[in-house]
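Examination of the molecular architecture
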Amino acid sequence: MAEPTDLSLADAELAAFVAAVRRDPGLPARAVGAAELRRAQRLRVAARPRGPEIPRVEDLVVGPAAVGARLYRPAPEPRALVVFLHGGMWTIGDLESHDRACRRLAAGTGAAVLSVDHRRAPEHPWPAAVDDGVQAVRWALAGGAAGAGIAGPTLVMGDSSGGNLAALACLRLRDEGGPLPAAQVLAYPNTDLTLSAPSVRSKGTGWGLAADDVAWGAEQWVPDPSRRADPAVSPLYAADLGGLPPAVVVTAEHDPLRDEGDAYAARLAAAGVPVGHRREGGMVHGFLTLDTVSPAAAAAGERLFADVTDLIGRVG
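The paragraphs below set out a description of the structure included in this document. Just so it is clear, the structure is predicted and the values come from calculations on it, not from any experiment. (Residues numbered from 1 in each chain as written. Predicted model: local features only at pLDDT ≥ 70, side-chain atom pairs only at ≥ 80, totals over all residues. Heavy atoms only, no water.)

With that settled, consider the side chain of D94. Locating D94 in the fold gives a position in the loop between β3 (81-85) and α4 (99-109). Despite its burial, D94 pairs with no opposite charge, the nearest such side chain being R120 at 4.3 Å. A polar contact is formed between the side chain of D94 and the backbone nitrogen of S97, at a distance of 2.8 Å. Setting aside residues up to four positions removed in sequence, D94 forms contacts with H86, D117 and R120. (Helix = DSSP H or I, 4+ residues; strand = E, 2+ residues; numbered from the N terminus. Buried < 20%, exposed > 50% of the residue type's maximum accessible area, 1.4 Å probe, protein only. Lys, Arg positive; Asp, Glu negative; His and termini not counted. Salt bridge = Lys/Arg side-chain N within 4 Å of Asp/Glu carboxyl O. Polar contact = N/O pair within 3.5 Å; in protein donor to acceptor, adjacent residues only side chain to side chain. Contact = heavy atoms within 4.5 Å.)

So this is what it looks like as C-alpha coordinates:
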(Lines give C-alpha, C1' and ligand atoms only; values in the text may rest on other atoms or scores of the structure.)
Protein backbone atom coordinates (compact mmCIF):
# COMPACT_ATOMS: atom_id res chain seq x y z
CA MET A 1 0.00 0.00 0.00
CA ALA A 2 1.31 3.48 -0.85
CA GLU A 3 2.16 5.89 1.90
CA PRO A 4 -0.61 8.42 2.62
CA THR A 5 -0.03 11.78 1.00
CA ASP A 6 -1.28 13.36 4.23
CA LEU A 7 0.42 11.49 7.07
CA SER A 8 -2.23 12.66 9.54
CA LEU A 9 -4.77 10.44 7.78
CA ALA A 10 -5.15 6.73 8.42
CA ASP A 11 -4.32 5.41 4.93
CA ALA A 12 -3.52 6.49 1.40
CA GLU A 13 -7.07 5.90 0.22
CA LEU A 14 -8.51 8.19 2.88
CA ALA A 15 -5.87 10.79 2.03
CA ALA A 16 -6.91 10.60 -1.63
CA PHE A 17 -10.56 10.98 -0.65
CA VAL A 18 -9.83 14.08 1.42
CA ALA A 19 -7.61 15.52 -1.30
CA ALA A 20 -10.46 15.12 -3.79
CA VAL A 21 -12.85 16.89 -1.41
CA ARG A 22 -10.41 19.75 -1.08
CA ARG A 23 -10.00 20.08 -4.85
CA ASP A 24 -13.74 20.10 -5.46
CA PRO A 25 -15.79 20.61 -2.30
CA GLY A 26 -18.97 21.22 -4.27
CA LEU A 27 -21.67 23.69 -3.44
CA PRO A 28 -22.62 24.20 0.21
CA ALA A 29 -25.73 22.41 1.45
CA ARG A 30 -27.58 25.68 1.97
CA ALA A 31 -27.12 26.48 -1.74
CA VAL A 32 -28.25 23.03 -2.89
CA GLY A 33 -31.20 22.23 -0.64
CA ALA A 34 -32.57 19.02 0.79
CA ALA A 35 -34.18 17.64 -2.35
CA GLU A 36 -31.02 17.82 -4.46
CA LEU A 37 -28.85 16.53 -1.59
CA ARG A 38 -31.13 13.51 -1.30
CA ARG A 39 -31.02 12.88 -5.04
CA ALA A 40 -27.22 13.02 -5.08
CA GLN A 41 -27.06 10.67 -2.10
CA ARG A 42 -29.33 8.15 -3.85
CA LEU A 43 -26.94 8.13 -6.81
CA ARG A 44 -23.93 7.53 -4.56
CA VAL A 45 -25.72 4.71 -2.76
CA ALA A 46 -26.70 3.05 -6.03
CA ALA A 47 -23.04 2.97 -7.08
CA ARG A 48 -21.92 1.12 -3.92
CA PRO A 49 -21.92 -2.66 -3.43
CA ARG A 50 -24.86 -3.78 -1.32
CA GLY A 51 -22.90 -5.38 1.50
CA PRO A 52 -23.04 -8.75 3.25
CA GLU A 53 -25.92 -11.06 2.45
CA ILE A 54 -28.26 -11.32 5.43
CA PRO A 55 -30.58 -14.35 5.55
CA ARG A 56 -33.70 -12.34 6.29
CA VAL A 57 -34.39 -8.65 5.64
CA GLU A 58 -37.89 -7.24 5.84
CA ASP A 59 -39.52 -3.82 5.81
CA LEU A 60 -42.17 -3.22 8.45
CA VAL A 61 -43.86 -0.56 10.54
CA VAL A 62 -43.50 -0.31 14.31
CA GLY A 63 -45.30 1.40 17.17
CA PRO A 64 -48.66 3.19 17.37
CA ALA A 65 -47.48 5.82 14.88
CA ALA A 66 -46.55 3.13 12.31
CA VAL A 67 -42.94 4.26 11.94
CA GLY A 68 -41.25 2.71 8.92
CA ALA A 69 -38.30 0.41 9.61
CA ARG A 70 -36.19 -2.38 8.15
CA LEU A 71 -35.29 -5.46 10.18
CA TYR A 72 -32.07 -7.35 9.42
CA ARG A 73 -31.97 -10.83 10.95
CA PRO A 74 -28.50 -12.44 10.58
CA ALA A 75 -29.53 -15.70 12.29
CA PRO A 76 -32.76 -17.48 13.28
CA GLU A 77 -32.21 -16.48 16.91
CA PRO A 78 -30.24 -13.21 17.01
CA ARG A 79 -28.36 -12.49 20.22
CA ALA A 80 -29.72 -8.94 20.59
CA LEU A 81 -31.58 -6.16 18.79
CA VAL A 82 -29.90 -2.90 17.79
CA VAL A 83 -32.36 -0.10 17.01
CA PHE A 84 -30.39 1.96 14.50
CA LEU A 85 -31.03 5.67 13.82
CA HIS A 86 -29.30 6.89 10.67
CA GLY A 87 -27.40 10.13 10.26
CA GLY A 88 -27.62 12.76 7.55
CA MET A 89 -27.76 16.21 9.17
CA TRP A 90 -31.41 15.49 10.13
CA THR A 91 -32.31 16.20 6.47
CA ILE A 92 -30.94 13.37 4.31
CA GLY A 93 -30.25 9.68 4.86
CA ASP A 94 -32.81 6.90 4.78
CA LEU A 95 -33.09 3.12 4.88
CA GLU A 96 -31.09 2.83 1.65
CA SER A 97 -28.26 5.19 2.57
CA HIS A 98 -27.42 3.03 5.60
CA ASP A 99 -28.44 -0.36 4.23
CA ARG A 100 -24.83 -1.45 3.71
CA ALA A 101 -23.79 -0.21 7.16
CA CYS A 102 -26.68 -2.06 8.81
CA ARG A 103 -25.83 -5.26 6.94
CA ARG A 104 -22.24 -4.98 8.14
CA LEU A 105 -23.43 -4.27 11.69
CA ALA A 106 -25.73 -7.31 11.72
CA ALA A 107 -23.08 -9.58 10.19
CA GLY A 108 -20.35 -8.26 12.47
CA THR A 109 -22.25 -8.59 15.74
CA GLY A 110 -24.76 -11.41 15.25
CA ALA A 111 -27.46 -9.01 16.42
CA ALA A 112 -30.64 -8.17 14.61
CA VAL A 113 -30.73 -4.57 13.43
CA LEU A 114 -33.88 -2.47 13.22
CA SER A 115 -33.09 0.51 10.97
CA VAL A 116 -35.61 3.30 11.59
CA ASP A 117 -36.92 5.40 8.71
CA HIS A 118 -37.44 8.45 10.89
CA ARG A 119 -38.90 11.66 9.53
CA ARG A 120 -36.55 14.35 8.26
CA ALA A 121 -36.35 18.13 8.18
CA PRO A 122 -37.27 20.54 6.76
CA GLU A 123 -40.61 18.82 6.14
CA HIS A 124 -40.60 17.44 9.68
CA PRO A 125 -38.58 19.59 12.11
CA TRP A 126 -37.74 18.67 15.70
CA PRO A 127 -39.05 16.71 17.55
CA ALA A 128 -40.43 14.42 14.82
CA ALA A 129 -37.26 12.34 14.39
CA VAL A 130 -36.84 11.96 18.16
CA ASP A 131 -40.49 10.90 18.45
CA ASP A 132 -39.91 8.22 15.81
CA GLY A 133 -36.76 6.92 17.49
CA VAL A 134 -38.48 6.75 20.86
CA GLN A 135 -41.44 4.93 19.26
CA ALA A 136 -39.12 2.32 17.76
CA VAL A 137 -37.30 1.70 21.04
CA ARG A 138 -40.57 1.51 22.95
CA TRP A 139 -41.93 -0.97 20.40
CA ALA A 140 -38.90 -3.19 20.87
CA LEU A 141 -38.96 -3.02 24.66
CA ALA A 142 -42.73 -3.52 24.88
CA GLY A 143 -42.62 -6.89 23.16
CA GLY A 144 -41.80 -6.12 19.56
CA ALA A 145 -38.37 -7.68 19.79
CA ALA A 146 -39.66 -10.73 21.64
CA GLY A 147 -42.50 -11.07 19.14
CA ALA A 148 -39.91 -11.12 16.38
CA GLY A 149 -38.07 -13.95 18.13
CA ILE A 150 -35.25 -11.78 19.48
CA ALA A 151 -34.74 -12.64 23.13
CA GLY A 152 -31.57 -10.71 23.98
CA PRO A 153 -31.08 -7.11 25.04
CA THR A 154 -32.22 -4.10 23.01
CA LEU A 155 -29.62 -1.41 22.28
CA VAL A 156 -30.03 1.91 20.51
CA MET A 157 -27.36 3.15 18.11
CA GLY A 158 -26.91 6.11 15.80
CA ASP A 159 -24.28 7.75 13.65
CA SER A 160 -23.78 11.54 13.37
CA SER A 161 -27.20 13.19 13.65
CA GLY A 162 -28.53 9.69 14.33
CA GLY A 163 -26.23 9.61 17.35
CA ASN A 164 -27.92 12.81 18.46
CA LEU A 165 -31.31 11.10 18.10
CA ALA A 166 -30.14 8.01 20.00
CA ALA A 167 -28.85 10.11 22.89
CA LEU A 168 -32.03 12.20 22.98
CA ALA A 169 -34.19 9.06 22.92
CA CYS A 170 -32.35 7.71 25.96
CA LEU A 171 -32.77 11.00 27.82
CA ARG A 172 -36.49 11.19 27.05
CA LEU A 173 -37.14 7.57 28.04
CA ARG A 174 -35.22 8.08 31.29
CA ASP A 175 -37.12 11.24 32.12
CA GLU A 176 -40.46 9.56 31.43
CA GLY A 177 -39.58 6.75 33.82
CA GLY A 178 -40.24 4.01 31.28
CA PRO A 179 -38.04 1.08 30.25
CA LEU A 180 -34.64 2.00 28.87
CA PRO A 181 -32.55 0.28 26.22
CA ALA A 182 -29.80 -1.87 27.67
CA ALA A 183 -27.10 0.31 26.09
CA GLN A 184 -26.45 3.17 23.68
CA VAL A 185 -23.87 3.34 20.90
CA LEU A 186 -23.00 6.76 19.54
CA ALA A 187 -20.78 7.05 16.46
CA TYR A 188 -19.34 10.55 15.93
CA PRO A 189 -22.55 12.07 17.35
CA ASN A 190 -23.90 15.59 17.21
CA THR A 191 -24.41 16.57 20.84
CA ASP A 192 -24.26 20.39 20.65
CA LEU A 193 -26.33 22.12 17.98
CA THR A 194 -24.83 25.49 18.90
CA LEU A 195 -21.68 24.17 17.15
CA SER A 196 -19.48 26.01 19.61
CA ALA A 197 -16.75 23.39 20.23
CA PRO A 198 -13.20 24.19 19.05
CA SER A 199 -13.09 21.32 16.53
CA VAL A 200 -15.98 22.92 14.62
CA ARG A 201 -13.53 25.68 13.70
CA SER A 202 -10.30 23.67 13.43
CA LYS A 203 -11.83 20.81 11.40
CA GLY A 204 -14.75 22.64 9.83
CA THR A 205 -13.47 22.70 6.25
CA GLY A 206 -11.41 20.34 4.15
CA TRP A 207 -12.02 17.07 5.99
CA GLY A 208 -15.13 15.74 4.25
CA LEU A 209 -17.82 17.28 6.47
CA ALA A 210 -18.22 21.05 6.31
CA ALA A 211 -19.25 22.72 9.55
CA ASP A 212 -21.49 25.09 7.59
CA ASP A 213 -23.37 22.11 6.15
CA VAL A 214 -23.97 20.85 9.69
CA ALA A 215 -25.12 24.33 10.69
CA TRP A 216 -27.55 24.34 7.76
CA GLY A 217 -28.92 20.98 8.83
CA ALA A 218 -29.38 22.22 12.39
CA GLU A 219 -31.23 25.26 11.05
CA GLN A 220 -33.60 23.01 9.10
CA TRP A 221 -34.27 20.76 12.07
CA VAL A 222 -34.46 23.47 14.75
CA PRO A 223 -35.37 26.72 12.99
CA ASP A 224 -35.44 28.75 16.22
CA PRO A 225 -31.79 29.45 17.15
CA SER A 226 -32.74 30.05 20.78
CA ARG A 227 -33.74 26.36 21.03
CA ARG A 228 -30.41 24.89 19.92
CA ALA A 229 -28.94 24.83 23.42
CA ASP A 230 -32.07 23.16 24.79
CA PRO A 231 -31.22 19.75 26.32
CA ALA A 232 -34.14 18.28 24.35
CA VAL A 233 -32.17 19.19 21.20
CA SER A 234 -28.53 19.18 22.34
CA PRO A 235 -27.88 16.39 24.87
CA LEU A 236 -24.57 17.92 25.94
CA TYR A 237 -26.60 20.61 27.74
CA ALA A 238 -28.61 18.17 29.86
CA ALA A 239 -28.18 19.10 33.52
CA ASP A 240 -28.00 15.48 34.65
CA LEU A 241 -26.80 12.49 32.63
CA GLY A 242 -27.12 10.03 35.50
CA GLY A 243 -29.21 6.92 35.13
CA LEU A 244 -28.63 6.57 31.37
CA PRO A 245 -27.74 3.25 29.74
CA PRO A 246 -24.10 2.16 29.42
CA ALA A 247 -22.54 3.74 26.36
CA VAL A 248 -19.98 3.35 23.64
CA VAL A 249 -18.94 6.67 22.09
CA VAL A 250 -16.53 6.69 19.15
CA THR A 251 -15.33 9.92 17.58
CA ALA A 252 -12.90 10.72 14.75
CA GLU A 253 -9.75 12.85 14.88
CA HIS A 254 -10.48 14.94 11.78
CA ASP A 255 -14.15 15.69 12.43
CA PRO A 256 -15.79 19.02 13.26
CA LEU A 257 -18.04 17.07 15.69
CA ARG A 258 -15.08 15.49 17.49
CA ASP A 259 -14.95 17.69 20.57
CA GLU A 260 -18.67 17.63 21.34
CA GLY A 261 -18.66 13.82 21.09
CA ASP A 262 -15.62 13.57 23.34
CA ALA A 263 -17.23 15.99 25.80
CA TYR A 264 -20.45 13.97 25.92
CA ALA A 265 -18.51 10.78 26.67
CA ALA A 266 -16.68 12.57 29.48
CA ARG A 267 -19.93 13.90 30.93
CA LEU A 268 -21.54 10.47 30.82
CA ALA A 269 -18.57 9.00 32.68
CA ALA A 270 -18.63 11.82 35.25
CA ALA A 271 -22.32 11.04 35.86
CA GLY A 272 -21.48 7.43 36.68
CA VAL A 273 -22.59 5.93 33.37
CA PRO A 274 -20.26 3.11 32.19
CA VAL A 275 -18.65 4.44 29.01
CA GLY A 276 -16.27 3.02 26.47
CA HIS A 277 -14.81 5.94 24.53
CA ARG A 278 -12.33 6.00 21.69
CA ARG A 279 -11.16 8.70 19.32
CA GLU A 280 -10.20 7.09 16.02
CA GLY A 281 -6.85 8.55 15.05
CA GLY A 282 -6.37 9.63 11.45
CA MET A 283 -10.06 9.14 10.74
CA VAL A 284 -12.75 11.45 9.36
CA HIS A 285 -16.46 11.83 10.00
CA GLY A 286 -18.75 9.20 8.52
CA PHE A 287 -16.33 6.28 8.48
CA LEU A 288 -19.18 3.77 8.81
CA THR A 289 -20.23 4.58 5.26
CA LEU A 290 -16.69 5.00 3.86
CA ASP A 291 -15.66 1.35 4.05
CA THR A 292 -15.62 0.99 0.26
CA VAL A 293 -13.38 4.07 0.02
CA SER A 294 -10.75 3.27 2.63
CA PRO A 295 -9.51 0.05 4.26
CA ALA A 296 -8.74 2.09 7.38
CA ALA A 297 -12.34 3.33 7.50
CA ALA A 298 -13.54 -0.25 7.08
CA ALA A 299 -11.29 -1.32 9.97
CA ALA A 300 -12.61 1.51 12.16
CA GLY A 301 -16.12 0.22 11.48
CA GLU A 302 -15.08 -3.30 12.41
CA ARG A 303 -13.66 -2.01 15.70
CA LEU A 304 -16.98 -0.35 16.42
CA PHE A 305 -18.82 -3.59 15.67
CA ALA A 306 -16.46 -5.36 18.09
CA ASP A 307 -17.36 -2.73 20.70
CA VAL A 308 -21.05 -3.46 20.13
CA THR A 309 -20.44 -7.21 20.41
CA ASP A 310 -18.59 -6.71 23.70
CA LEU A 311 -21.31 -4.39 24.97
CA ILE A 312 -24.01 -6.96 24.18
CA GLY A 313 -22.06 -9.53 26.17
CA ARG A 314 -21.87 -7.21 29.16
CA VAL A 315 -25.50 -6.06 29.23
CA GLY A 316 -27.19 -9.23 27.99
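From this point, the narrative continues.
Remark: helix α5 (residues 128-147) packs on helix α6 (residues 161-176), axes separated minimally by 9 Å, with the N-to-C direction vectors making an angle of 65 degrees. Overall, the two elements α5 and α6 adopt an arrangement that is roughly perpendicular. Where α5 crosses over α6, the two elements pack in a sense that is right-handed. Here A129, V130, D131, V134, V137 and R138 of α5 lie close against α6, whose contacting residues are L165, L168, A169, R172, L173 and E176. In terms of residue class, the contact of α5 with α6 is built from eight nonpolar, no polar and four charged. (Axes fitted to C-alpha atoms, helices over the stretch in contact; angles between N-to-C directions. Parallel < 35°, antiparallel > 145°, perpendicular 65-115°, else oblique. Left-handed = near helix turned anticlockwise from the far one by under 90°. Nonpolar A, V, L, I, M, F, W, Y, C, P; charged D, E, K, R; others polar.)

Mapping A215 onto the fold places it in helix α8 (residues 211-221). Counting along the chain gives 22 residues from A215 to L193, while the straight-line C-alpha distance between them is 7.7 Å. Setting aside anything within four residues of it in sequence, one finds A215 in contact with R30 and L195.

It is worth spelling out the nonpolar core at this point. Counting residues in hydrophobic clusters, the biggest one holds 45 residues, and the most contacted among them are L81, V83, L114, W221, L244, Y264 and L268. Secondary-structure elements contributing two or more residues to this core are β2 (67-73), β3, β4 (112-116), α5, α6, α8, β7 (247-254) and α9 (258-270). Here this core gets eight residues from one element, more than from any other, and that element is α6. Not counting residues up to four positions away in its chain, the partners in contact with L81 are L71, A112, V113, L114, A140, A145, I150, P153, T154 and L155. (Core = buried A, V, L, I, M, F, W, Y, C linked by side-chain atoms within 4.5 Å.)

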